[in-house]
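A look at the structure
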Amino acid sequence: MAAALRPAILRHIRIPVQTLGRSRPLPCLHPLPTSMIRSMSSHGDDHLTREEIVERVLDVVKSFPKVDPSKVNPDVHFQKDLGLDSLDNVELVMALEEEFKLEIPDKEADKIDSCSLAIEYISNHPMAV
């Protein structure tokens, strides 16, 4: 009942608004420090190199519990070469999302079944960090 009453009461209540004096600047008008701004362009200085992506993807795959690290290389297929099943594949893609701070749509995640496809997807994603 209280939830239904609230909108009815709020329509009838008027609250006086006080304006702030201009003696102090509004906090929203201060520019952000450069360290807090992230460029949305994939051409910025903070974009990962292909070598960094390859190294980090291989590290994630090697650290997966069911994987023999000696079999991991940039061309390895998750199911054919490493013997992972489809659930392991999903967990591996989730680990890559966490490593690179991205969200890979399910439709795209289903296509990533090898290190080379993971490397390709991440290197083409402008938000990978």
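Taking an unreviewed UniProt entry as the reference, the protein is identified by name as Acyl carrier protein belonging to Cocos nucifera. What UniProt states about the protein under its Subcellular location (unreviewed entry) heading is, verbatim, "Mitochondrion". In its Sequence similarities (unreviewed entry) section, the UniProt record describing the protein reads: "Belongs to the acyl carrier protein (ACP) family."

Moving on to the side chain of Glu97. Tracing the sequence through the fold places Glu97 in helix α3 (residues 86-100). With no salt bridge to any partner, buried Glu97 finds its closest opposite charge in Lys101, at an N-O distance of 12 Å. Those residues within four positions of Glu97 in sequence are excluded, and the remaining contacts are Leu102, Glu103 and Ile104.

Attention now goes to the environment of Pro69. Relative to the helices and strands, Pro69 resides in the loop between α2 (50-62) and α3. When the C-alpha positions of Pro69 and Leu82 are compared, they lie 9.5 Å apart, and in sequence the two are 13 residues distant.

Now for the environment of Tyr121. For Tyr121, the location among the structural elements is in helix α5 (residues 115-123). Residues Tyr121 and Lys111, spaced ten residues apart in sequence, show a C-alpha to C-alpha distance of 9.8 Å. Aside from chain neighbours lying at most four places away, what touches Tyr121 is Leu102, Ile104, Pro105, Glu108 and Ile112.

Definitions and cut-offs
- Residues numbered from 1 in each chain as written.
- Predicted model: local features only at pLDDT ≥ 70, side-chain atom pairs only at ≥ 80, totals over all residues.
- Heavy atoms only, no water.
- UniProt positions renumbered as here; feature names shortened; annotations may be inferred.
- Helix = DSSP H or I, 4+ residues; strand = E, 2+ residues; numbered from the N terminus.
- Buried < 20%, exposed > 50% of the residue type's maximum accessible area, 1.4 Å probe, protein only.
- Lys, Arg positive; Asp, Glu negative; His and termini not counted.
- Salt bridge = Lys/Arg side-chain N within 4 Å of Asp/Glu carboxyl O.
- Contact = heavy atoms within 4.5 Å.

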